[in-house]
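# Residue-level structure breakdown
As a plain string of letters, each chain reads:
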Amino acid sequence: RHDHVEVVGKTLDGLGKTPIERFGMVAFRAGRAAPIPFEIDERRGRRLMVTGPGVADEDHRPGQFDFDDGIVFMPCDAGERPAAEARDAYLRAAGATTWREIEVEDTLTGRRGYAYVVVAPTPPTTSRHYIEYDARDVVRTAAYGMEMDQALPARFFLRGMGERNLLDGLRLRARVTWLADVLSTTITERDAGHELVAWHNGPVRTVRRSRHDVHVALGVHLTAGTASTYFYALHLGGPGKMHLPISPGVLFGTMSAMAGVDLQGLEGWRFRAAGRPEEFAIDGHTSPAEARFDAVGSWFLLIGAHEALLTALKLSPNLAQAVPIHIVYRDDATAAVPPEAVPGSVPLVGYRADRVETLPAGYYEFEFRVFVLPDYHDGDERRVLEEFATPLHVAVTGPAAPAIAPASRP
């Protein structure tokens, strides 16, 4: 439930130039076929085609399936492999001109599921969908909702807690010293320009593209370029790349950075972090153990009465080796961390990197995910973390020659 399958067009041999409206997807259960939600994402190379003000993205052949386009669906919608006779009877009745079988294997358990791409003049379709998005920059699923303001998260809801906003705001903080440590500058999310550029919305996922740049000091601007955030039924996040043409140490004496969220209204929840045996009760008061908390790790967990929120981070080896990532946790209803809308952090959670100035010039990659775990039971996070670290295996077969599709967790 916390993953997706993406099959690139070149692995679906022979379907190139097929009109997109002729595609459908089905899965078999108990011998009966039913349409499942899916989407076709048009792309140029790796660049997803999006829509928005001033966006001029255009596919090679709009409306036709290309070698670099992608079919996206949820692995939990895959079904059983039917007998060939039952499969062929269904395809004839559906008027299929061709088809492809997609086998999804969970490499952690060996379990397999099957879904079928059907090409027909009137393909099987369903109105079921997992996500909704509108141009007010609002995302909603059956498990959570998020509203953005000036391209940054401003409100976050868990369906199990109604429409109560759990988010005071995103916290992006950096501190730099330069000019032989004479000048020190603190940068916050308010010192940056954030702009929603474009979006893509389908029944399986929503993708937002935003642009960000930061004013540091002395007329220096750092342009972070564009960022893409992916929203699914039970998780959100995105990959990131960073190119440093020179080491930050050439310009700065020291540099530290923190990215996190200031939450509110989570009294009664619990906090757990990677590599730490203790749990903290979230109550707005900082205990001595909480004041001493310092952990290096890639994930932390917020546990409620019935649901949980799991945040995980994956770094390229060169980034993980160069800069240890510390987990940030602060539970204090009286703390002021300006600029903020509501004083207090119940709690503030995120990640912090020190000695960023030591990073060598080069390319670095990272990926973050926030998972919603409904009906949480102790230890459920272990399975989700294993899935995050281990790709599914996807194979495509059909009337054409077999092909092996790329893993679904880019």
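The structure displayed is predicted, hence computed values, not measured ones. The residue numbering used here restarts from 1 in each chain and proceeds along that chain's sequence as written. Local features in this predicted model are restricted to residues whose pLDDT is 70 or higher, and side-chain atom pairs enter the listing and the counts only when it is 80 or higher, whereas totals over whole chains, interfaces and linings include all residues. Side-chain metrics in this entry use all non-hydrogen atoms of the structure; hydrogen atoms and water are not considered.

Here we take up the overall build of the chain. The secondary structure content of the chain amounts to four helices and 30 strands. The globule rule is 2.2 Å times the number of residues to the power 0.38, and the radius of gyration it is compared with is taken over C-alpha atoms. Its C-alpha radius of gyration of 23 Å places the chain within 12% of the 22 Å reference for a compact globule of 410 residues. Considered along the principal axes of its C-alpha atoms, the chain spans approximately 75 × 45 × 40 Å. Exposure is judged per residue with a 1.4 Å probe applied to protein chains only, and the accessible area is read against the type maximum: over 50% gives exposed, under 20% gives buried, and values in between give partly exposed. Here the chain holds 410 residues, and 51% of them are scored as buried. By the convention used here, residues are in contact when the closest approach between their heavy atoms is within 4.5 Å. Contacts in the chain between residues at least 24 apart in sequence constitute 67% of all its contacts with a sequence separation of at least 6. Summed over its atoms, the accessible surface of the chain is roughly 19200 Å², and 55% of this surface lies on carbon and sulfur atoms. The sign given to each residue is positive for Lys and Arg and negative for Asp and Glu; His and the chain ends receive no count. For the purpose of locating charges, the reference atoms are NZ of Lys, CZ of Arg, CG of Asp and CD of Glu. A gap of 3 Å separates the mean positions of the 44 positive and 54 negative side-chain charges of the chain. A run of H or I in DSSP counts as a helix once it spans at least four residues, and a run of E counts as a strand once it spans at least two, with each numbered from the N terminus. Shrake-Rupley sampling with a 1.4 Å probe provides the accessible areas, and residues are treated as covered by the protein chains on show and by no other component.

Structurally, the position occupied by valine 349 is in strand S27 (residues 345-353). With relative accessibility at 2%, the residue valine 349 sits in the buried group. C-alpha separation for the pair valine 349 and alanine 295, spaced 54 residues apart in sequence, amounts to 12 Å. Among residues more than four places away in sequence, those in contact with valine 349 are Gly260, Val261, Leu263, Phe271, Phe300, Leu302, Val328 and Tyr329.

In this section: the pattern of salt bridges. Salt bridge, as applied in this entry: a Lys or Arg side-chain nitrogen positioned within 4 Å of an Asp or Glu carboxyl oxygen. Tallied over the entire structure, the rule returns 26 salt bridges. As a salt-bridge pair, glutamate 279 and arginine 270 come within 2.9 Å of each other at their nearest N and O atoms. Under the relative-accessibility criterion, arginine 270 is labelled partly exposed at 31%. Among the ionic pairs, glutamate 357 bridges to arginine 355, the shortest N-O distance being 3.9 Å. Judged by relative accessible area, glutamate 357 falls into the buried class, the value being 9%. Several salt bridges share partner residues, and in doing so they unite Arg140, Glu147, Arg155, Arg159 and Glu163 into one network.

What follows deals with unusual backbone geometry. Note on backbone geometry: most residues besides glycine have negative phi, and most peptide bonds are trans. Along the chain, valine 346 connects to proline 347 via a cis peptide bond; the corresponding omega equals -10 degrees. Within the secondary structure, proline 347 is located in strand S27. One non-glycine residue with positive phi stands out, namely lysine 17, at about 70 degrees. Here lysine 17 is to be found in the loop between strand S1 (5-8) and strand S2 (23-29). A positive phi angle is found at alanine 151, which is not glycine, with a value near 75 degrees. Summarising the element assignment, alanine 151 is placed in the loop between strand S12 (144-149) and strand S13 (152-158).

So, about the packing of aromatic side chains. Aromatic pairs are defined between Phe, Tyr and Trp rings, using the six-membered ring for Trp, whenever the two ring centres lie within 6.5 Å; interplanar angles under 30 degrees are classed as stacked, those over 60 as edge-to-face, and all others as tilted. For the structure on display, the rule yields 15 aromatic pairs. An angle of 50 degrees between the planes, with centres 6.0 Å apart, marks the rings of tyrosine 133 and tryptophan 199 as tilted. Pair noted here: tyrosine 133 is in strand S10 (residues 132-134) and tryptophan 199 is in strand S16 (residues 192-201), with a separation of 66 residues, a long-range link. No difference in accessibility class separates tyrosine 133 from tryptophan 199, as the two residues are buried.

If you look at the biggest cluster of nonpolar residues, it comprises 60 residues, and the most contacted ones within it are Phe271 and Leu302. Not counting the four nearest positions on each side in its chain, phenylalanine 271 is found in contact with Glu278, Glu279, Phe280, Ile282, Phe293, Phe300, Leu301, Leu302, Ile327, Tyr329 and Val349. What is meant by a nonpolar core is a set of buried Ala, Val, Leu, Ile, Met, Phe, Trp, Tyr and Cys residues, joined one to another through side-chain atoms within 4.5 Å. Listed in part, the 21 residues of the second largest apolar core include Leu15, Phe23, Met25 and Phe73.

Averaged over every residue, the pLDDT of the chain is 88; the share at 70 or more is 92%. No element of the chain has a lower mean pLDDT than strand S30 (residues 403-404), at 41, and none a higher one than strand S24 (residues 299-303), at 98. The predictor attaches a confidence to each residue, and that confidence, scored 0 to 100, is pLDDT. Note on residues 400-410: pLDDT is under 50 here. Beyond four places in sequence and across chains, it has 36 contacts.

Residues spaced three or four apart along an α-helix face the same direction, because each turn holds 3.6 residues. Along helix H4 (residues 380-389), the positions that sit buried rather than exposed are Glu381, Val384, Leu385, Glu387 and Phe388. Buried residues of H4 fall within an arc of 160 degrees about the axis and therefore sit on the same side. Opposite its buried face, H4 presents the exposed residues Arg382 and Ala389, each directed more than 90 degrees away. Each element contacted by the buried residues of H4 is listed here: strand S21 (270-273), S24, strand S25 (308-315) and strand S28 (362-373). Of all possible arcs, the one meant is that of the directions from the helix axis to the C-beta atoms.

Another point: the sheet that holds strand S4 (residues 39-41). Any two strands with at least two DSSP bridges between them are considered paired. The three strands lie next to each other as S1-S7-S4, forming an open sheet whose pairing is antiparallel. The open sheet has two edge strands with one neighbour each: S1 and S4. Taking the axes of each pair of neighbouring strands and ignoring which way they run, one obtains an average angle of 25 degrees across the sheet. Direction of pairing for S1 relative to strand S7 (residues 70-73): antiparallel, over a ladder of four bridges. Paired with valine 7 across the strands is isoleucine 71, a residue of S7. Only C-alpha atoms enter the line fits that serve as axes; for helices the fit covers just the stretch in contact. Angles between N-to-C directions range over 0 to 180 degrees.

Ordered by their spatial adjacency, four strands build an open sheet running S10-S11-S12-S13, and the pairing between neighbours is antiparallel. The sheet is open, and its two edges are formed by S10 and S13, each paired on a single side. On average, each strand axis in the sheet is tilted by 15 degrees relative to the strand beside it, whichever way the strands run. As paired strands, S12 and S13 are joined by six bridges and run antiparallel to one another. Note that in S13 the partner of aspartate 149 across the bridge is leucine 152.

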